[in-house]
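These are the residues of each chain, in order.
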Amino acid sequence: MKLKLVRFKDGLFCPHCNGTRIVLFGKRKEIQRYHCKSCGKYFNDLTGTPMAYSKKLDKWPALSKAMQEGLSIRKTAKKLEISVDTSFRWRHKLLNGLDTYRSKVELSGVVEMDETMFRRSEKGSRKLTRKPRKRGSDNHVRGRSKEQVYAVIARDRTNKSRSFLLEQMSGSALVDKIGRIIDNKSQVCTDYWRSYQTFARKLNLTHHRLNIRLGRRVLHGIYHIQNVNSYHSRLKKWMTRFNGVATKYLYNYLVWFEHVDESRKFADGLGQQKLFISSFANYPRNYVPAAA
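Here's a quick rundown of the structure. Just so it is clear, the model here is predicted, and its values are computed rather than measured.

With that out of the way, let us pick up the sheet that holds strand S1 (residues 22-28). If you trace the 3 strands from one edge of the open sheet to the other, you get S1-S2-S3, paired in antiparallel fashion. Each having just a single partner strand, S1 and strand S3 (42-44) make up the two edges of the open sheet. Pairs of neighbouring strands in the sheet enclose a mean axial angle of 30°, with direction left out of account. In the sheet, strand S2 (residues 31-36) pairs with S3 via 3 bridges, with the strands oriented antiparallel. Counted as the bridge partner of Tyr 34 is Phe 43 from S3.

Both strand S7 (residues 187-191) and strand S8 (residues 206-210) contribute to a ladder of 5 bridges, which runs parallel. Directly across from Val 188, in S8, lies its bridge partner His 207. What joins S7 to S8 is helix H6 (residues 194-203), and the crossover it makes is right-handed.

This paragraph deals with the packing of helix H3 (residues 73-80) against helix H4 (residues 84-102). As a packed pair, H3 and H4 sit with axes 8 Å apart at the nearest point and diverge in direction by 110°. Between H3 and H4, the interaxial angle falls into the category roughly perpendicular. Here H3 contributes Ile 73, Arg 74, Thr 76, Ala 77 and Leu 80 to the contact with H4, which in turn contributes Val 84, Ser 87, Phe 88, Trp 90 and Arg 91. Counted by class, the contact of H3 with H4 contains 6 nonpolar, 2 polar and 2 charged residues.

Looking now at the side chain of Asn 252. The residue Asn 252 is located in helix H8 (residues 247-262) in this model. The class of Asn 252 is buried, set by a relative accessible area of 11%. Polar contacts involving the side chain of Asn 252 include one to the side chain of His 92, which spans 3.0 Å. Apart from residues lying up to four places away in sequence, Asn 252 is in contact with His 92, Leu 95 and Asn 96.

The next thing to look at is the sheet that holds S7. Judged by pairing direction, the sheet is mixed, and its 5 strands sit side by side in the order S6-S5-S4-S7-S8 without closing on themselves. Two strands bound the open sheet, and with one partner strand each, they are strand S6 (161-166) and S8. Sheet twist, expressed as the mean angle between neighbouring strand axes with direction ignored, is 25°. The sheet strands contacting H8 are strand S4 (110-119), strand S5 (148-156) and S6, and the helix crosses S6 at an angle near 170°.

Rules used throughout
- Residues numbered from 1 in each chain as written.
- Predicted model: local features only at pLDDT ≥ 70, side-chain atom pairs only at ≥ 80, totals over all residues.
- Heavy atoms only, no water.
- Pairing = 2+ DSSP bridges.
- Helix = DSSP H or I, 4+ residues; strand = E, 2+ residues; numbered from the N terminus.
- Axes fitted to C-alpha atoms, helices over the stretch in contact; angles between N-to-C directions.
- Right-handed = clockwise from strand over helix to strand, strands pointing away.
- Parallel < 35°, antiparallel > 145°, perpendicular 65-115°, else oblique.
- Contact = heavy atoms within 4.5 Å.
- Nonpolar A, V, L, I, M, F, W, Y, C, P; charged D, E, K, R; others polar.
- Buried < 20%, exposed > 50% of the residue type's maximum accessible area, 1.4 Å probe, protein only.
- Polar contact = N/O pair within 3.5 Å; in protein donor to acceptor, adjacent residues only side chain to side chain.

This is a description of form; function is not addressed.
This is how it looks when you write it as structure tokens:
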């Protein structure tokens with residue numbers, strides 16, 4: 001697969017200034033280089049993608065296959081014959097690219113929303129902000145507490161999903177994170193938590209509230225949150241293979257599972273190919289190079 005045919009499907013552009021006055025400027029290690037006449041800068045087919053500056057380009061398709069299979073960092077490193085550190089860095093470069101693509105997904109129609117909680121984790125940190133705890137120990141406080149973070153999932157009836165990570169649940173936080181991706185004509189189904197009511201009111205959305213405690217799980221035979229609850233179950237089961245994820249990386253894993261769940265019914269190889277294209281070929285045109 002030639003990445004540039006997908007990345008530049010609408011024509012060549014400069015990732016530094018978005019200019020289109022581009023001329024060829026030779027090749028280096030079989031990678032085409034370009035010169036932008038608008039800003040005077042140079043770039044190549046990989047500039048602004050996770051593969052930029054990589055010395056092992058041939059291993060990236062295998063990385064996307066390993067991620068499609070949900071392999072751990074160590075198993076991926078062994079399979080690709082790279083270091084664990086490289087496996088970790090490549091994984092999150094790919095997931096950052098996937099997030100750029102997933103950010104364009106919008107929801108419409110009947111949209112189910114519900115939250116699931118993950119224990120706050122500082123896994124891998126050398127400087128803990130709390131006392132160390134034994135792996136597998138219970139939370140000090142039952143239910144919702146500061147020891148947990150909220151993964152809010154919004155899912156429509158076409159099985160498109162968006163995931164968001166919140167430190168605290170509030171109507172304002174939901175509007176900031178989720179408001180922009182839901183069509184203003186949508187109908188929202190949630191439980192009775194007041195934050196969702198505030199969210200729907202601020203966006204002027206039709207809101208169907210389900211009082212689960214009273215056993216009211218379905219309204220009018222169509223409004224429910226069973227699809228998103230089923231998604232939660234699949235997400236939690238999938239996450240167990242990683243033996244805990246640090247909170248600072250948790251959002252990337254939520255985005256990863258969005259792709260994995262949507263590709264469950266793809267034919268063999270298509271999920272891997274979709275992951276590769278989504279992660280590498282959809283960087284925005286306002287790309288700004290990282291500071292040296």
